[in-house]
Protein chains: 2
Amino acid sequence: MQSYTEENYLKVIYHLSEISHPVQTNAIADRIQTKAASVTDMIKKLSEKELVHYVKYQGVTLTEKGKLTAINIVRKHRLWEVFLVDKLNFKWDEVHEVAEELEHIQSNLLIERLDEFLDYPKVDPHGDPIPDKNGNFAEMTFVKLSKLKNGDKGNITGVSEHSSPFLKHLEKLGLTLGKRVEVIDVVEFDGSVELLLEQEKLNISREVAKHILITKN
Amino acid sequence: MQSYTEENYLKVIYHLSEISHPVQTNAIADRIQTKAASVTDMIKKLSEKELVHYVKYQGVTLTEKGKLTAINIVRKHRLWEVFLVDKLNFKWDEVHEVAEELEHIQSNLLIERLDEFLDYPKVDPHGDPIPDKNGNFAEMTFVKLSKLKNGDKGNITGVSEHSSPFLKHLEKLGLTLGKRVEVIDVVEFDGSVELLLEQEKLNISREVAKHILITKN
DNA sequence: TTCTTAATTTAGACAAATCTAAAAATAATT
DNA sequence: AATTATTTTTAGATTTGTCTAAATTAAGAA
Ligand SMILES: [Mn+2]
Ligand SMILES: [Mn+2]
Ligand SMILES: [Mn+2]
Ligand SMILES: [Mn+2]
């Protein structure tokens, strides 16, 4: 059994592992809003417990045990987010903070029943895949909207930025999960994207386009 | 904002206040599974924050602020218990431990939405009243089954013991919330109670009868 | 390769919550 | 009222997670 804090470290290391191997001390410190010295202390503790593999001055990688623990926290986080949106009518920009707390509730029965109650959802409100109880993900294949060419079509199936301002912005533009879009033009000058959304023309900045994930078809 | 631990102390002091005024150090220590010395330390801290009124060697009472905080935790605890039973099919003896964790989740929006989702329940799975968001309880008027006389009739509307073995025992006997019972005889020898439950005769020990709460009618 | 900068770790301290053992205050008995 | 027993508080230590400041290592530039 891990503490609330240890769980947060494992989850952050898990997410950062998708970007760099091994995960560096400062990267963790930034994410967790703490100082590098604190991270080093915690890393040593996680290493003692064989949840991470640690090489001094190099960084950490999750052990199999650590990875499974982290994935389970991600599973809980995402299931709770689905619950908040589907059952309690939260907006997709309101769920993350609460899920950060709920993900630490310790009860396997609770999470299995919640999964069942939600009818075994495969993705969370931001399009992120929900691992099953064994830690297996359904493979997702999306591409950044900013990578699409003129004439490319597809559906919005995810976002790579979860901040409330960004999500609210998308909501206002009507760019929500499941919506079908077609790229009309990529403006050469600033990289902004002209697109067609339900018969309406729309222009979004390159910065926004980068964080919208599309499944082409 | 109070810590997880402070919240637990406030809740325990609140419950113990129904028994004794002021609440003594050892009573708290017993409930919270800690030592008297630790309780004294925490009491001082809560006193600093003006959540309790503390007189050395006498004990503590909740201030208005402390009482409201405690009631809010009780509200959350009981709403979560309703959720677990009504929506996730937990048994009434399985909810308490999980609710002990869920009650500390910090989000007013969450708890108001949960209340709405559950259709504003007035009592929890053990018959305990759920305070509204202002801390007001619906007045409950029940009497211990052990206090009933021959011929008295009423409905089971609560239990004063929440342990899993006790609740499972009641479940097995069919003595669940809402059931109508009639006292046929109170056995003089051991105080056990003969009662009628759905045309069936049933004998329960005095110890069990003490913890079943009845609304007479 | 040597110097400089950046990243990381160590050393020592601190706040929160707990504990044990000892001291002090209150309550109960003789 | 004096003695004994119980309850409560203090003193000092411990664990977890954090911090600042200083020392160390690694990486980058000249
Ligand atoms: Mn999230
Ligand atoms: Mn999400
Ligand atoms: Mn309970
Ligand atoms: Mn209850």
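Residues numbered from 1 in each chain as written. Chains lettered and ligands numbered in written order. Predicted model: local features only at pLDDT ≥ 70, side-chain atom pairs only at ≥ 80, totals over all residues. Heavy atoms only, no water.

## Topic: a positive patch on the surface
Residue and element names in this part refer to chain A. Together, K144, K147, K149 and R206 line one region of the surface with positive charge. One can find R206 in helix α8 (residues 206-210). Exposure remark for R206: the relative accessible area of 38% places this residue in the partly exposed category. (Patch = residues over 30% accessible without salt bridge, like charges linked within 9 Å, V, L, I, M, F, W, Y side chains within 5 Å. Areas by Shrake-Rupley, 256 points an atom, 1.4 Å probe, with all protein chains shown as cover. Salt bridge = Lys/Arg side-chain N within 4 Å of Asp/Glu carboxyl O. Lys, Arg positive; Asp, Glu negative; His and termini not counted. Charge placed at Lys NZ, Arg CZ, Asp CG, Glu CD. Helix = DSSP H or I, 4+ residues; strand = E, 2+ residues; numbered from the N terminus. Buried < 20%, exposed > 50% of the residue type's maximum accessible area, 1.4 Å probe, protein only.)

## Brief notes about the protein's contact with DNA strand C
Looking at DNA strand C, there are 21 residues lining it, with K44(A), Y54(A), T34(B), S38(B) and K45(B) nearest. If you look at DNA strand C and keep only atoms within 4 Å of the protein, 79% of those are sugar or phosphate atoms. A distance of 2.3 Å separates a phosphate oxygen of DNA strand C from a polar side-chain atom of Y54(A). Separating a phosphate oxygen of DNA strand C from a side-chain N or O atom of K56(A) is a distance of 2.7 Å. Contributing elements (two or more residues each) for the surface near DNA strand C: α2 (25-32) and α3 (36-48) of chain A together with α1 (4-17) and α3 (36-48) of chain B. (Near = heavy atom within 4 Å. Polar contact = N/O pair within 3.5 Å; in protein donor to acceptor, adjacent residues only side chain to side chain.)

## A short note on the coordination of the manganese ion (ligand 1)
Residue and element names in this part refer to chain A. Protein coordination at the manganese ion (ligand 1) comes from H77 (NE2), E81 (OE) and H96 (ND1), with a distance range of 2.0 to 2.1 Å. Here the donor residues for the manganese ion (ligand 1) map to a single chain with the spacing H-x3-E-x14-H. The two metals, the manganese ion (ligand 1) and the manganese ion (ligand 2), are separated by 3.5 Å and share E81 as a common coordinating residue. With a gap of 4 residues between them, H77 and E81 both fall in helix α4 (residues 64-86), about one helical turn apart. The same class applies to H77 and to E81, which are both buried. (Donors = N, O, S within 2.8 Å, 3.2 Å for Na, K, Ca; no water.)

## A word on the environment of D30(B)
With respect to the helices and strands, D30(B) occurs in helix α2 (residues 25-32). C-alpha separation for the pair D30(B) and D115(B), spaced 85 residues apart in sequence, amounts to 32 Å.

## Quick notes on the side chain of D128(A)
All names here are of chain A. Within the secondary structure layout, D128 lies in the loop between α6 (108-117) and β3 (143-144). Among buried Asp, Glu, Lys and Arg side chains, D128 stands out as unpaired, with R78 the closest opposite charge at 4.3 Å. When neighbours within four sequence positions are excluded, D128 is seen to be in contact with R78, K122, V123, V159 and H162. (Contact = heavy atoms within 4.5 Å.)

## Some thoughts on the relation of the copies chain B and chain A
With an RMSD of 0.0 Å, the operation that places chain B on chain A is a rotation of 180° combined with a shift of 0.0 Å along the axis. When the rotation and shift are considered jointly, the pair of chain copies conforms to a two-fold rotation axis. Every residue of chain B has its C-alpha some distance from the rotation axis, and the shortest such distance is that of L102(B), at 3.8 Å. Mapped onto chain A, 100% of the interface residues of chain B again fall at the interface, so both copies present the same surface. (Least-squares fit on C-alpha atoms with pLDDT ≥ 70 in both.)

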